[in-house]
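Architecture at a glance
These are the residues of each chain, in order.
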Amino acid sequence: MDYLYYPGCSLSTSGKAYDVSGRAVARLLAVNLVELDDWNCCGTTPYFSAQGLGAFSIAARNLAIAEKQGDGKMDLVTMCNSCYMTLSKTNHYFAEDERMRKDIGAVLGAAGRSYGGGVKVRHLLDVLTNDVGLEAVKAKVTRELNGLKVAAYYGCQMSRPGAEFDDPEYPMTMDRLLSVLGADPVEFPMKAKCCGGMLMTTSQDVALKMVRDVLSDAMENGAECIATACPLCQINLEAYQGDINSKFGTNFMMPVVYFTQLAGMAMGLTRREIDLGRELVPNTVSFFRDYVAA
Amino acid sequence: MATQVGARDMGRLSDVFLEEISRMPGGDKIMACQQCGTCSGSCPTAYAMDYTPRQIIGWLRAGELEKVLNSNTMWMCASCYSCTVRCPAGIKVTDAMYELKRLAIKYGFTPRGVTGNTLATVFQKNVDKYGRSPEMELLARYYLSTNPFGMLKMAGLGLKLFRNKRISLAPEKIRGRDEIQKMLQYVREKGEW
Ligand code: SF4
Ligand code: SF4
């Protein structure tokens, strides 16, 4: 199975572990990820706050490259929720609306690019569960996660508003995948609520409360760790636990890893292969020690 | 460049808002808002907004765009799309929030305590220059122009990320930077939104 792969800006820096583990798991499942040539920033939230048509157009440059590189036959896969939302929203607006097509087409034309609308934008979680399929994933599991209590955190931008492959209010795709790995996903009403996104930088008090609510919900439901599917969610949930503890008198020390890292653990990949060890919650590695070979 | 608008121009700004929002599919549905409040009830940050999402749409319809642009509301929006998936009238409230942010930046509305506009502007400049967003440079420039002390507070986290090799100091650049330039120049010259 061949796909074009759009890493996005965060996956080459703060979210490196997601990129490494995602590629490793994909490889194991015979999902061939070919990196999109010369991709640019998707045009995520802050860019859209400053530019309208300009933002849609830079998002569409990626789609135009994908159409050419994949000959209109390869889906464009991303792992970042925000890239996924931005690229697929642009793609939908382009398909739905004559005027958008003309407007975006004209801007692309100024750079000698064109897009015919022939690319499908996918999230890696969708590809692994629906194209590869849970049976095939299960066949690769060599070290079951032994009933590990995981809170599957989807964040907000994956299942909205297109809700392409899961429910916008109570998604289950990741829970099902984690079950196949041998984990025991907990009930988690806050699973699709927002992590605060860029508000963590611009209005930290507001974002800290949002993250506190997510962490509390996971903890109250018995989760031992949280699995995420987005680099921004991961850092917001992980990096500010200390601030939350001092602000709200809580006591969080909750490992927050990528679902691809858990999949890698269950499939027998080494700690290095899933890039475990860059976490900011100090007990993360010791917590998973039993599961991961050196 | 930011242009200050006088009260006289507000009517015109409302027209700009409606014109630009209707450039997006379903954007004109905003006039079908029934003020049910589902958006506000679904919004995780409504409690911190000067006006809730429902109120914003009310003010828009009442022609009071200035109130809205002078408020912190859209800058408290985290773009989580809860409102958009739940609105029974199919209104894309999140798109309206984006449009308000763009207008506020373009016309120089800077409500006190708001820094989301600075973050957006810095982010955009970086992407226009490199084609990608350099996390490190984004935060440094943002804190320098809003709150240099915030930078000190963030230094601890920055150091931890650096130690764990989760920050890169040099920005990544794409080869097609000239393409981005040409596209944005076209947008500017045509006076596009
Ligand atoms: S949910 Fe929709 S109809 Fe109801 S107040 Fe909000 S925008 Fe208006
Ligand atoms: S998209 Fe913005 S306005 Fe809508 S619910 Fe989320 S934070 Fe609130």
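Computed from a predicted structure; not experimentally measured.

Along the backbone of chain A there are 13 helices and eight strands. With the principal axes as the frame, chain A shows a C-alpha extent of 55 × 45 × 30 Å. Considering chain A as a whole, with its 294 residues, one finds that 66% of them fall into the buried category. Partitioning the intrachain contacts of chain A with sequence separation of at least 6 by distance along the chain shows that 77% fall at a separation of at least 24. Total accessible area on chain A is roughly 9,700 Å²; 47% of this is exposed by carbon and sulfur atoms. Measuring between centres, the 28 positive side-chain charges of chain A sit 3 Å from its 34 negative side-chain charges.

Residue and element names in this part refer to chain B. The immediate surroundings of ligand 1 are formed by 13 residues, with C33, C36, G37, C39 and C87 found nearest. Contributing elements (two or more residues each) for the shell around ligand 1: α2 (38-42) and α3 (53-61). Looking at side-chain class alone, the shell around ligand 1 contains eight nonpolar, four polar and one charged residues.

Residues and elements named next belong to chain B. Neighbouring residues of ligand 2: 13 residues in total, closest C43, C77, C80, Y81 and C83. Judged by the fraction of its atoms near the pocket grid, ligand 2 is located in the largest cavity. Elements with a minimum of two residues in the shell around ligand 2: α5 (82-86) and α6 (93-106).

Before going further, it helps to spend a moment on the packing of helix α8 (residues 135-146) of chain B against helix α9 (residues 148-163) of chain B. Residue and element names in this part refer to chain B. Where α8 meets α9, the closest approach of the two axes is 6 Å, and the angle between their N-to-C directions is 140 degrees. The angle between α8 and α9 falls in the class oblique. Where α8 approaches α9, its residues A140, Y143, L144 and T146 are matched on the opposing element by P148, G150, M151 and M154. The residue makeup of the contact of α8 with α9, split by class, is six nonpolar, two polar and no charged.

On to the pattern of salt bridges, then. Overall, the coordinates contain 29 salt bridges over all chains when judged by the stated rule. Between R175(B) and D37(A) there is a salt bridge, with the nearest N and O atoms lying 3.1 Å from each other. Of this pair, R175(B) sits in the loop between α9 and α10 (177-189) while D37(A) sits in the loop between β2 (32-35) and α2 (45-48), placing the two residues on different chains. Under the relative-accessibility criterion, D37(A) is labelled partly exposed at 38%. Ionic pairing is found between K191(A) and D175(A), a salt bridge with its closest N-O pair at 3.2 Å. One end of the pair, K191(A), is in the loop between β6 (184-185) and α8 (199-202); the other, D175(A), is in helix α7 (residues 173-180), with 16 residues separating them in the sequence. Comparing K191(A) with D175(A) shows no difference in burial state: the two are buried.

Looking now at the domain arrangement of chain A. Often, the extent of an interface is quoted as the loss of accessible area upon association of its parts. All names here are of chain A. With domains assigned, chain A is organised as domain 1 (2-123) and domain 2 (143-293). A straight line from the C-alpha centre of domain 1 to that of domain 2 covers 25 Å. Taken residue by residue, the interface counts 25 residues in domain 1 and 27 residues in domain 2. Taken over both partners, the interface formed by domain 1 and domain 2 buries close to 2,100 Å², and the fraction arising from carbon and sulfur atoms is 69%. Seen at the junction of domain 1 and domain 2, the total is zero salt bridges. On the surface where domain 1 and domain 2 come into contact, there are seven residue pairs in polar contact (both at pLDDT 80 or more). Elements supplying a minimum of two residues to the side of domain 1 that touches domain 2: α1 (16-28), α2, α4 (81-96) and β4 (121-123). In terms of residues, the side of domain 1 that touches domain 2 owes the most to one element, α1, which gives nine residues. Looking at side-chain class alone, the side of domain 1 that touches domain 2 contains 14 nonpolar, ten polar and one charged residues.

Within a sheet, each strand pairs with its neighbour through backbone hydrogen bonds, oriented either parallel or antiparallel. Residues and elements named next belong to chain A. With parallel pairing, the four strands of this open sheet are ordered in space as β6-β5-β7-β8. Sheet topology places β6 and β8 (256-258) at the edges, where each strand pairs with a single neighbour. Contacts from helix α12 (residues 259-266) reach β5 (149-153), β7 (225-228) and β8 within the one sheet, and its direction differs from that of β8 by about 75 degrees.

Conventions we followed
Residues numbered from 1 in each chain as written. Chains lettered and ligands numbered in written order. Predicted model: local features only at pLDDT ≥ 70, side-chain atom pairs only at ≥ 80, totals over all residues. Heavy atoms only, no water. Helix = DSSP H or I, 4+ residues; strand = E, 2+ residues; numbered from the N terminus. Buried < 20%, exposed > 50% of the residue type's maximum accessible area, 1.4 Å probe, protein only. Contact = heavy atoms within 4.5 Å. Areas by Shrake-Rupley, 256 points an atom, 1.4 Å probe, with all protein chains shown as cover. Lys, Arg positive; Asp, Glu negative; His and termini not counted. Charge placed at Lys NZ, Arg CZ, Asp CG, Glu CD. Near = heavy atom within 4 Å. Nonpolar A, V, L, I, M, F, W, Y, C, P; charged D, E, K, R; others polar. 1 Å grid on protein atoms, 1.4 Å probe; cavity = no way out; pocket = protein on both sides within 12 Å on 5 of 7 lines; lining within 4 Å. Sits in = over half its atoms within 2 Å of the grid points. Axes fitted to C-alpha atoms, helices over the stretch in contact; angles between N-to-C directions. Parallel < 35°, antiparallel > 145°, perpendicular 65-115°, else oblique. Salt bridge = Lys/Arg side-chain N within 4 Å of Asp/Glu carboxyl O. Domains from an automatic or database assignment. Buried area = accessible area lost by both parts, 1.4 Å probe. Polar contact = N/O pair within 3.5 Å; in protein donor to acceptor, adjacent residues only side chain to side chain. Pairing = 2+ DSSP bridges.

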